[in-house]
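# Survey of secondary and tertiary structure
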Amino acid sequence: MSMYVSGNNQPGPGLAALGNIPPGTPIFVFRGGAATWFGTQLLGVLITVLTLGICYPFAVVLVERWRAGNTFLLGRPLQFTGTGWGIFGLWIKWFLLCIITLGIYSFWVYPRLTAWKVEHTVLA
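No experiment lies behind these values; they were computed from the predicted model shown.

What counts and how
Residues numbered from 1 in each chain as written. Predicted model: local features only at pLDDT ≥ 70, side-chain atom pairs only at ≥ 80, totals over all residues. Heavy atoms only, no water. Pairing = 2+ DSSP bridges. Helix = DSSP H or I, 4+ residues; strand = E, 2+ residues; numbered from the N terminus. UniProt positions renumbered as here; feature names shortened; annotations may be inferred. Buried < 20%, exposed > 50% of the residue type's maximum accessible area, 1.4 Å probe, protein only. Polar contact = N/O pair within 3.5 Å; in protein donor to acceptor, adjacent residues only side chain to side chain. Contact = heavy atoms within 4.5 Å. Axes fitted to C-alpha atoms, helices over the stretch in contact; angles between N-to-C directions. Parallel < 35°, antiparallel > 145°, perpendicular 65-115°, else oblique. Left-handed = near helix turned anticlockwise from the far one by under 90°. Nonpolar A, V, L, I, M, F, W, Y, C, P; charged D, E, K, R; others polar. Patch = residues over 30% accessible without salt bridge, like charges linked within 9 Å, V, L, I, M, F, W, Y side chains within 5 Å. Areas by Shrake-Rupley, 256 points an atom, 1.4 Å probe, with all protein chains shown as cover. Salt bridge = Lys/Arg side-chain N within 4 Å of Asp/Glu carboxyl O.

Turning our attention to the pairing of strand β3 (residues 76-80). For strand β2 (residues 71-73) and β3, the ladder comprises two bridges, and the chain directions are antiparallel. When the sheet's bridge partners are listed, phenylalanine 72 is paired in β3 with proline 77. In this sheet, strand β4 (residues 121-123) lies alongside β3 in antiparallel orientation, the contact comprising three bridges. In the strand pairing of β4, phenylalanine 80 is matched with threonine 121.

Following this line, the structure appears as structure tokens:
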């Protein structure tokens with residue numbers, strides 16, 4: 001199985017461009033700095049704490065936009081296209097399921113949230 005596969009085990013689009021890269025060539029470059037990361041994290045924590053976790057999806061989007069905006073794939077920047085409203089319904093459902101199952105459902109939340117973040121990250 002290829003390292004670069006989509007969810008249906010078929011090669012994803014645009015992989016032909018990766019075919020002729022010499023081994024050892026940096027594919028991803030990250031250029032984020034401490035000051036902007038700290039400000040983004042602080043704002044995300046404030047949004048989450050002040051709303052008792054209800055607006056956590058908006059904090060996730062804020063942090064993901066910072067991460068994607070500072071990450072480059074073969075010199076091209078990434079862009080995060082997700083929105084807080086786009087995951088808000090799922091977050092409420094996950095939050096309630098975690099409460100009902102006494103936290104057991106939280107083991108399923110992280111992989112689903114990660115999948116949502118990856119699916120909404122594109123080349124700019």
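Mapped onto this numbering, the UniProt entry gives "transmembrane region" (unreviewed entry) at residues 42-63 and 84-108. Summarising residues 42-63: 77% helix, 0% strand, and an end-to-end C-alpha distance of 10 Å. In this annotation, residues 84-108 is assigned 80% helix and 0% strand; the end-to-end C-alpha distance for the span is 20 Å.

Another aspect to go through is the side chain of asparagine 70. With respect to the helices, strands and loops of the structure, asparagine 70 is situated in the loop between α2 (56-69) and β2. We classify asparagine 70 as buried; its relative accessible area is 17%. Reaching out from asparagine 70, the side chain makes a polar contact with the backbone oxygen of tryptophan 66 at a distance of 2.7 Å. In contact with asparagine 70, not counting residues within four places along its chain, are Val29, Phe30, Arg31 and Gly32.

Along the chain, threonine 40 turns up in helix α1 (residues 34-50). Overall, the relative accessible area of 13% leaves threonine 40 in the buried class.

At a closest axis distance of 8 Å, the pairing of α2 and helix α3 (residues 84-100) adopts a crossing angle of 135 degrees. If you check the angle between α2 and α3, you find them oblique. Here α2 runs over α3; the crossing is right-handed. Residue-level contacts link Tyr56, Pro57, Phe58 and Val61 of α2 to Gly84, Trp85, Ile87, Phe88 and Trp91 of α3. Partitioning the contact of α2 with α3 into residue classes produces eight nonpolar, one polar and no charged.

Moving on to the environment of alanine 68. Assignment of secondary structure puts alanine 68 in helix α2. In this structure the C-alpha to C-alpha distance between alanine 68 and leucine 123, which are 55 residues apart in sequence, comes to 9.2 Å. The residues contacting alanine 68, other than those within four sequence positions of it, are Leu78, Gln79, Phe80 and Thr121.

On the surface, Trp37, Phe38, Leu42, Leu46 and Leu50 cluster together to form a nonpolar patch covering roughly 550 Å² of accessible area. The residue phenylalanine 38 is located in helix α1 in this model. Judged by relative accessible area, which is 51%, phenylalanine 38 ranks as exposed.

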